[in-house]
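Listed here are the chains, written in short residue letters.
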Amino acid sequence: MISEELRDKMPVTLDEQVMAYDLLDAVLAVQEAGLPLPAELAGRARAFCSEHGCDAARYDEAALKQEAAERLKPLQEKLEEARFEAAAAASLHEFAKETFEVWQTSGVFARRRALRELRERAGFRLESHRIGNYVAKTFDLMNEAQARFAQAQQAVFSADVSYKIRPGVHQRLFECLEHLLDA
């Protein structure tokens, strides 16, 4: 445990703020339901309150938001990479469909030119007698890239705790605990 003197000088950390928000959310849910506070939740809330205090001077919203943004930065970078890959795969699939159309309706020279360009963009070998299969293959590649993008997007949404950075959360938690424990 941290001494009170040292704790009073340290700003509220993002983990403390998130924990306080989550505890307040749980306590408010119990309060709204009109139920007695469960012993486990009461114990956790009391321990948190006694360990972290509720000094408003320790609360630095700008620092908390900066810390939250720093934690999200690697996930957002992965999200941008996944977005780029998904867009590239979609573009490749559209070009494969166009090439297939050219393959079915055009002459030999147009076919070869379109197939050569598709091979260059695809980055893998394409056989000329199986051009229809490459529309399906690029569709699969596009779907895989979109799935990776969706996973990266979900990771960013799950890790974003900026909505939990609110002034007065600690004070409100103390007030709710006093009200519920006195009742």
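Reading the values: rules and limits
Residues numbered from 1 in each chain as written. Predicted model: local features only at pLDDT ≥ 70, side-chain atom pairs only at ≥ 80, totals over all residues. Heavy atoms only, no water. Helix = DSSP H or I, 4+ residues; strand = E, 2+ residues; numbered from the N terminus. Areas by Shrake-Rupley, 256 points an atom, 1.4 Å probe, with all protein chains shown as cover. pLDDT = per-residue confidence, 0-100. Polar contact = N/O pair within 3.5 Å; in protein donor to acceptor, adjacent residues only side chain to side chain. Contact = heavy atoms within 4.5 Å. Expected span 1.5 Å × (residues − 1). Buried < 20%, exposed > 50% of the residue type's maximum accessible area, 1.4 Å probe, protein only. Arc of directions from axis to C-beta.

(A) Structural context of the overall build of the protein chain. Assigned secondary structure in the protein chain consists of 7 helices and 0 strands. Of the roughly 11,700 Å² of accessible surface on the protein chain, 53% is carried by carbon and sulfur atoms.

(B) Structural context of the confidence of the model for the protein chain. Looking at the protein chain as a whole, the pLDDT averages 84, with 86% of positions reaching at least 70. Averaged pLDDT values over the elements of the protein chain bottom out at 56 in helix α1 (residues 4-9) and peak at 93 in helix α4 (residues 61-105).

(C) Local environment of the side chain of T138. Within the secondary structure, T138 sits in helix α6 (residues 131-159). From its side chain, T138 meets the backbone oxygen of Y134 in a polar contact 2.9 Å long. When neighbours within four sequence positions are excluded, T138 is seen to be in contact with A89, L92, H93 and A96.

(D) Representation of helix α5 (residues 108-122) in the model. With 15 residues, α5 should cover 21 Å at 1.5 Å per step; its first-to-last C-alpha distance of 21 Å lies within 8% of that length. For α5, every residue scored as buried is listed here: A114, L115, L118 and A122. The buried side chains of α5 occupy one side of the element, clustering within an arc of 100° when seen end-on. Away from the buried face of α5 by more than 90 degrees, exposed residues F109, R112, R116 and E120 are located. Positive phi appears at G123, one or two residues downstream of α5, with a value of about 85°.

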